[in-house]
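Chain by chain, the residues:
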Amino acid sequence: DAGVTQSPTHLIKTRGQQVTLRCSPKSGHDTVSWYQQALGQGPQFIFQYYEEEERQRGNFPDRFSGHQFPNYSSELNVNALLLGDSALYLCASSSFPQGGGDTQYFGPGTRLTVL
Amino acid sequence: QKEVEQNSGPLSVPEGAIASLNCTYSDRVSQSFFWYRQYSGKSPELIMSIYSNGDKEDGRFTAQLNKASQYVSLLIRDSQPSDSATYLCAVKEKKSSGDKLTFGTGTRLAVRP
């Protein structure tokens, strides 16, 4: 049973560029959430996708956008990259809705460095 | 005020001891509580989930929840050097619009051989 997969593993970009990160959820899961984790901090919620729609969004600017495909995989796009966007980007998958017990399982993450 | 608070540590315990990790949260409507372990440079790995007041045990791990005090803890018995990692507390408020997790900054645990 394949777990959550993310690509690429590492990415180096320069300020002002655009980046696309990809995520495939765990088999049987239909919901994808994206988090940003800066060094020394806990993950911060960016947004969540279910049924190809953004269901909830955290406090991130519109430069951060996403998409979910019919096969439940998802992309995170970041435009006009800033140095502060350097972080570990985590994708988490879950099955929604299932009462209050949904558990989110994380992929290995994408390390983004903005120079 | 931070929504989820953890002592950043490091918490240092000798091998074989009990490690106690604590977390407080501010949102009373939080329904689900999770402990994740994160090794340096890796992604968070789920250890325990707890939804009701009281204790929940899984092997060497025990999660404790007290909703009245807005407090959740994780006990690790017979700590091993391989338990050395950052432990993240996460809470979730069930909303019809989504299920975001709110994390603390994590507690770094160091188990001394």
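The structure presented is a predicted model; accordingly, all values stated were derived computationally and were not measured.

Parameters at a glance
Residues numbered from 1 in each chain as written. Chains lettered and ligands numbered in written order. Predicted model: local features only at pLDDT ≥ 70, side-chain atom pairs only at ≥ 80, totals over all residues. Heavy atoms only, no water. Helix = DSSP H or I, 4+ residues; strand = E, 2+ residues; numbered from the N terminus. Rg over C-alpha atoms; globule rule 2.2 N^0.38 Å. Buried < 20%, exposed > 50% of the residue type's maximum accessible area, 1.4 Å probe, protein only. Contact = heavy atoms within 4.5 Å. Lys, Arg positive; Asp, Glu negative; His and termini not counted. Charge placed at Lys NZ, Arg CZ, Asp CG, Glu CD. Pairing = 2+ DSSP bridges. Axes fitted to C-alpha atoms, helices over the stretch in contact; angles between N-to-C directions. 1 Å grid on protein atoms, 1.4 Å probe; cavity = no way out; pocket = protein on both sides within 12 Å on 5 of 7 lines; lining within 4 Å. Points joined across faces, edges and corners; volume = space filled by probe spheres on them. Nonpolar A, V, L, I, M, F, W, Y, C, P; charged D, E, K, R; others polar. Phe/Tyr/Trp six-rings, centres within 6.5 Å; stacked < 30°, edge-to-face > 60°. Lys NZ or Arg CZ within 6 Å of the ring centre and 35° of its normal. Salt bridge = Lys/Arg side-chain N within 4 Å of Asp/Glu carboxyl O.

**Student:** Describe in detail the overall build of chain B, supporting the description with residues and values.
**Tutor:** Each helix and strand in chain B was counted, giving zero helices and 11 strands. Reading the helices (α) and strands (β) of chain B from amino to carboxyl end gives β-β-β-β-β-β-β-β-β-β-β. Over its C-alpha atoms chain B spans a radius of gyration of 14 Å, differing by no more than 12% from the 13 Å that the globule rule assigns to 113 residues. Projected onto the principal axes, the alpha-carbon positions of chain B cover approximately 45 × 30 × 25 Å. Across the 113 residues that make up chain B, the buried fraction comes to 43%. Taking the contacts inside chain B whose residues are at least 6 apart along the sequence as the reference set, 54% of them involve residues at least 24 apart. Of note, chain B has its 14 positive side-chain charges centred 4 Å away from the centre of its 12 negative side-chain charges.

**Student:** Go over the sheet that holds strand E8 (residues 71-76) of chain B, please, and point to the residues and values.
**Tutor:** Residue and element names in this part refer to chain B. One open sheet accounts for five strands, arranged E1-E3-E8-E7-E6; its pairing is antiparallel. Each edge of the open sheet carries a strand with a single partner, namely strand E1 (4-6) and strand E6 (54-58). Strand after strand, the sheet turns through a mean of 20 degrees between neighbouring axes, direction not considered. Judged from the six bridges that link them, strand E3 (residues 19-25) and E8 form a sheet pairing that is antiparallel.

**Student:** Outline the layout of surface pockets, supporting the account with residue identities and numerical values.
**Tutor:** Quantified by volume, the largest pocket comes out at close to 400 Å³. Looking at the largest pocket, it is lined by 20 residues, and the ones nearest its centre are A:Gln37, A:Gly40, A:Gln41, B:Gln38 and B:Thr86. Broken down by secondary-structure element, the contributors of at least two residues to the lining of the largest pocket are strand E9 (85-93) and strand E11 (107-112) of chain B. Here the lining of the largest pocket is composed, by residue class, of five nonpolar, 12 polar and three charged. Here the second largest pocket defines a volume of roughly 340 Å³.

**Student:** Before we move on, can you summarise the sheet that holds strand E3 (residues 19-24) of chain A with the specific residues and values?
**Tutor:** Residues and elements named next belong to chain A. Strand order in the open sheet formed by four strands is E1-E3-E8-E7, with antiparallel pairing between adjacent strands. This sheet does not close on itself; its edge strands, each paired only once, are strand E1 (5-7) and strand E7 (64-68). For this sheet, the mean inter-axis angle between neighbouring strands, taken without regard to orientation, is 20 degrees. By the bridge criterion, five bridges tie E7 to strand E8 (residues 74-78) in an arrangement that is antiparallel. Within E8, the residue paired with His67 across the bridge is Glu75.

**Student:** Which residues make up the packing of aromatic side chains, and what values go with them?
**Tutor:** Scanning the entire structure with this criterion turns up 11 aromatic pairs over all chains. For the ring pair B:Tyr36 and B:Phe103, a centre distance of 5.7 Å and an interplane angle of 50 degrees mean the geometry is tilted. In this pair, B:Tyr36 is assigned in strand E4 (residues 30-38) and B:Phe103 in strand E10 (residues 101-103), connecting sequence segments 67 residues apart. When sorted by exposure, B:Tyr36 lands in the same class as B:Phe103, which is buried. By way of ring pairs, the aromatic residues A:Tyr35, A:Phe45, A:Phe106, B:Phe34, B:Tyr36, B:Tyr51 and B:Phe103 are connected into one cluster. Above the face of the A:Tyr105 ring, A:Lys26 is positioned so that its terminal group lies 5.5 Å from the ring centre. Above the face of the B:Phe61 ring, B:Arg60 is positioned so that its terminal group lies 5.5 Å from the ring centre.

**Student:** Kindly report on the environment of A:Tyr72, identifying the contributing residues and their values.
**Tutor:** Residue and element names in this part refer to chain A. Topologically, Tyr72 is positioned in the loop between E7 and E8. In this structure the C-alpha to C-alpha distance between Tyr72 and Val32, which are 40 residues apart in sequence, comes to 7.6 Å. If near-sequence neighbours (up to four positions away) are discounted, Tyr72 is found in contact with Pro25, His29, Asp30 and Val32.

**Student:** So what about the pattern of salt bridges? Which residues, and what values?
**Tutor:** Residue and element names in this part refer to chain A. If you walk through the whole model with that rule in mind, you get six salt bridges over all chains. The salt bridge involving Asp85 is made with Arg63; its shortest N-O contact spans 2.9 Å. Of this pair, Asp85 sits in the loop between E8 and strand E9 (87-94) while Arg63 sits in the loop between strand E6 (53-57) and E7; the two residues are 22 residues apart in sequence, bridging distant segments of the chain. Judged by relative accessible area, Asp85 falls into the buried class, the value being 4%.

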